[in-house]
Amino acid sequence: MANLNGESADLRATFLGVYSVLKSELLNDPAFEWTDGSRQWVERMLDYNVPGGKLNRGLSVIDSYKLLKGGKDLTDDEVFLASALGWCVEWLQAYFLVLDDIMDNSHTRRGQPCWFRVPKVGMIAINDGIILRNHIPRILKKHFRTKPYYVDLLDLFNEVEFQTASGQMIDLITTIEGEKDLSKYSLPLHRRIVQYKTAYYSFYLPVACALLMAGEDLEKHPTVKDVLINMGIYFQVQDDYLDCFGEPEKIGKIGTDIEDFKCSWLVVKALELCNEEQKKTLFEHYGKEDPADVAKIKVLYNEINLQGVFAEFESKSYEKLNSSIEAHPSKSVQAVLKSFLGKIYKRQK
């Protein structure tokens, strides 16, 4: 594996190889008496839900660890362990998405039917979500039990899971059917939802895993957490923007935030910038399924020049994030944060 430190395609192949090893260990976990039926079910469930995405979160654990080690080639063992932690992040994501899709009554995910929509799966998907969540401590126990940072890893995953579930709760209770009230939406609410629901597990968690593996104390890196949370918020604002203004061919999905009455950065900004007449249009047409209603909202967004407002937000965020990063005393930590920022700045998908 050590000679695969170079190319990202190679790293991805190595990373997927580690998935196969972890899957095989889980399907032979001695704590349970397996049958052919149960083994086949879990294997199909894992293959369907865990490795299907872009794998950005998982791969960034390896990238970050390598940068923390000054960019030098990693041993096979280091690549394996960093990959195992990366897969724990992907397992956590799979667990959230499987259950999220049931809560949102979604139809597709990553270009295929949601797991609970697959014939014969249905509500068994809830238990599958619980199993996915329980795989994480199994992986950590098998490969990290003897490491000095083992307890910190367990704490980290538990805390981030709690933060994410709590963020999901704020999101769900804000958009309760029959209580659609745009006046509840504000920038601070948007920020809270995004910080807890997305930023902790997508941005902070992968870097925190790499820091622990590199022997660092997370308590000594509060600024790293702050920068990554702000990066996660910036990333979600981009997502909200692309949902409306991105090209479906590029982003790989058709945006539905307007129809779904989402607490999107765009609608929050629109509420701030609208005159009374425009506000009436917003209240009347936001959150409606009809394409004519959606079109009216998009016209309004153009009237108040939300694309320009976003462009300004993007450059200001980039400047702020960059100066926070440059203020960090450690060059290797700076490299990790700059690598993250470089991947998302001005992205089109």
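Placed above this text is the structure.
Because the structure is predicted, anything quoted here is derived from the model rather than measured.

Some details on the overall build of the protein
1) Next: Check the secondary structure of the protein and you find 14 helices and two strands.
2) Next: Whereas a compact globule of 349 residues would reach a radius of gyration of roughly 20 Å, the protein reaches 21 Å, a difference of no more than 12%.
3) Next: By principal-axis analysis of the C-alpha atoms, the protein measures approximately 65 × 55 × 35 Å.
4) Next: Here the protein, with 349 residues, has 51% of them falling under the buried criterion.
5) Next: Sequence separation of at least 24 residues holds for 75% of the intrachain contacts in the protein that already meet a minimum separation of 6.
6) Next: Summed over all atoms, the accessible surface of the protein reaches about 17,200 Å², with 53% contributed by carbon and sulfur.

Observations regarding the pattern of salt bridges
1) Next: By the definition in use, this model includes ten salt bridges.
2) Next: Asp-101 is the salt-bridge partner of Arg-109, the closest N and O atoms lying 2.8 Å from each other.
3) Next: Among the residues examined, Arg-109 registers a relative accessible area of 27% and is labelled partly exposed.
4) Next: Taking the relative accessible area as the measure of exposure, Asp-101 reaches 5% and is therefore buried.
5) Next: A salt bridge links Asp-171 to Lys-197; its shortest N-O distance comes to 2.7 Å. Of this pair, Asp-171 sits in helix α6 (residues 150-174) while Lys-197 sits in helix α7 (residues 187-213), and the two are 26 residues apart along the sequence.
6) Next: Ionic contacts of the salt-bridge type, sharing partners, join the residues Lys-23, Glu-43 and Asp-47 into one network.

A word on the side chain of Asp-100
1) Next: Tracing the backbone through its elements, the reader meets Asp-100 in helix α4 (residues 76-103).
2) Next: For the buried Asp-100, no salt bridge is present, and the opposite-charge side chain at shortest range is Arg-109, 4.5 Å distant.
3) Next: Among the polar contacts made by the side chain of Asp-100, one reaches the side chain of Gln-168 at a distance of 2.3 Å.
4) Next: Apart from residues no more than four positions distant in its own chain, Asp-100 is found in contact with Gln-168 and Lys-197.

What counts and what doesn't
Residues numbered from 1 in each chain as written. Predicted model: local features only at pLDDT ≥ 70, side-chain atom pairs only at ≥ 80, totals over all residues. Heavy atoms only, no water. Helix = DSSP H or I, 4+ residues; strand = E, 2+ residues; numbered from the N terminus. Rg over C-alpha atoms; globule rule 2.2 N^0.38 Å. Buried < 20%, exposed > 50% of the residue type's maximum accessible area, 1.4 Å probe, protein only. Contact = heavy atoms within 4.5 Å. Areas by Shrake-Rupley, 256 points an atom, 1.4 Å probe, with all protein chains shown as cover. Salt bridge = Lys/Arg side-chain N within 4 Å of Asp/Glu carboxyl O. Lys, Arg positive; Asp, Glu negative; His and termini not counted. Polar contact = N/O pair within 3.5 Å; in protein donor to acceptor, adjacent residues only side chain to side chain.

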